[in-house]
Amino acid sequence: KQDSDQLIIDAGQKQFGATTCSSCGMIYSADNPEDNFQHTQFHQRFLDSIKYVGWKKERVVAEFWDGKILLVLPDDPKYVTKKAEDVRHVVDNELGFQQVTLSRPTQAKTYLFINSDRLVVGCVIAEPIRQAYRVLEQPDQNKDMTKDDFMERHRAWCCSTVPEQALCGISRIWVFSLARRQGVASRMLDTVRSTFMYGCYLTKEELAFSDPTPDGKLFATKYCDT
Ligand code: ACO
Ligand code: ZN
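Let us look at the structure shown here. All values derive from a computational prediction rather than experimental measurement. (Residues numbered from 1 in each chain as written. Chains lettered and ligands numbered in written order. Predicted model: local features only at pLDDT ≥ 70, side-chain atom pairs only at ≥ 80, totals over all residues. Heavy atoms only, no water.)

1. Let's talk about the sheet that holds strand β10 (residues 207-209)
Consideration 1: With respect to topology, six strands assemble into an open sheet ordered β3-β4-β5-β6-β9-β10, the strand pairing being mixed. A strand with exactly one partner marks an edge of an open sheet, and here the two such strands are β3 (60-64) and β10. Within the sheet, the average angular offset between the axes of one strand and its neighbour, ignoring direction, is 25°.
Consideration 2: Here strand β5 (residues 109-115) runs beside strand β6 (residues 120-128); their pairing, made up of six bridges, is antiparallel. Considered in β6, the bridge of K109 is made with A126.
Consideration 3: Contacting β4 (67-72), β5, β6 and β9 (168-175), helix α3 (residues 78-95) runs over the sheet at an angle of about 75° to β9. (Pairing = 2+ DSSP bridges. Helix = DSSP H or I, 4+ residues; strand = E, 2+ residues; numbered from the N terminus. Axes fitted to C-alpha atoms, helices over the stretch in contact; angles between N-to-C directions. Contact = heavy atoms within 4.5 Å.)

2. Looking at the site of ligand 1
Consideration 1: The local shell around ligand 1 holds 22 residues, among which I173, V175, R181, S186 and T213 are the closest.
Consideration 2: R181 places a main-chain nitrogen or oxygen 2.7 Å from an oxygen atom of ligand 1.
Consideration 3: Here Q182 contributes a backbone N or O atom positioned 3.3 Å from an oxygen atom of ligand 1.
Consideration 4: Of all the secondary-structure elements, those providing two or more residues to the shell around ligand 1 are β9, α5 (184-195) and α6 (214-224).
Consideration 5: Tallying contributions element by element places β9 first for the shell around ligand 1, with six residues.
Consideration 6: In the shell around ligand 1, the residues fall into 10 nonpolar, seven polar and five charged. (Near = heavy atom within 4 Å. Polar contact = N/O pair within 3.5 Å; in protein donor to acceptor, adjacent residues only side chain to side chain. Nonpolar A, V, L, I, M, F, W, Y, C, P; charged D, E, K, R; others polar.)

Here's what the structure looks like:
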């Protein structure tokens, strides 16, 4: 009896023997040559997208011991906006967004966090907005769900129907998987608040997050009440 149970479990693992790459996030089967090849290609493209080679002119808006934040505006030279776009594709791919256009591309500001290894490890896209709807707190009924279940079912958060004043919409926020929980996202939002509108420092209430993921919601909740 025990043996046959074991067999079933082994077969299951073979079939679902998936590995998640901790850098590029791709899920693939390491013992499938075709999958391995696909992963190698995707991985290389990912690394190329987040590699920062240095620009003649860069707009540094914050500096830290472990990196700096650059601001990219829509009218910047092509080689600059191209990089911002490449990073946005990486982010959209990871967030599962497909071809989501920015609501006001000509006014979008892209912030890139460059680390000491010259990698773009953080990206925030901020857009001017007028109003937002607050995400309503939900009873904690989802404790036992896996993250994927949670993502599936709760992508549409319950929102209040009462619009509130907001000035800056965070349409994307992303940190490279190996650079998370080091305050990169928090430092990027602090920088957005001080540089998004000339001459004023936005409060946390004046920021609005669009369509937050579970990670995004945990982060935003923490960031906004501290
Ligand atoms: N789980 C629980 N708490 C979290 C998490 C998490 N996954 N991420 C952040 N926090 C909280 C913690 O309290 C953390 O402080 P601590 O590390 O001292 O405990 C605090 O927020 C600050 O976190 P940071 O280090 O500043 O956040 P980080 O740089 O890791 O970036 C982010 C957070 C952007 C959500 C990152 O996890 C990420 O890129 N995730 C994948 C992409 C994603 O889901 N982005 C949000 C999409 S929503 C949108 O774009 C509008
Ligand atoms: Zn990889």
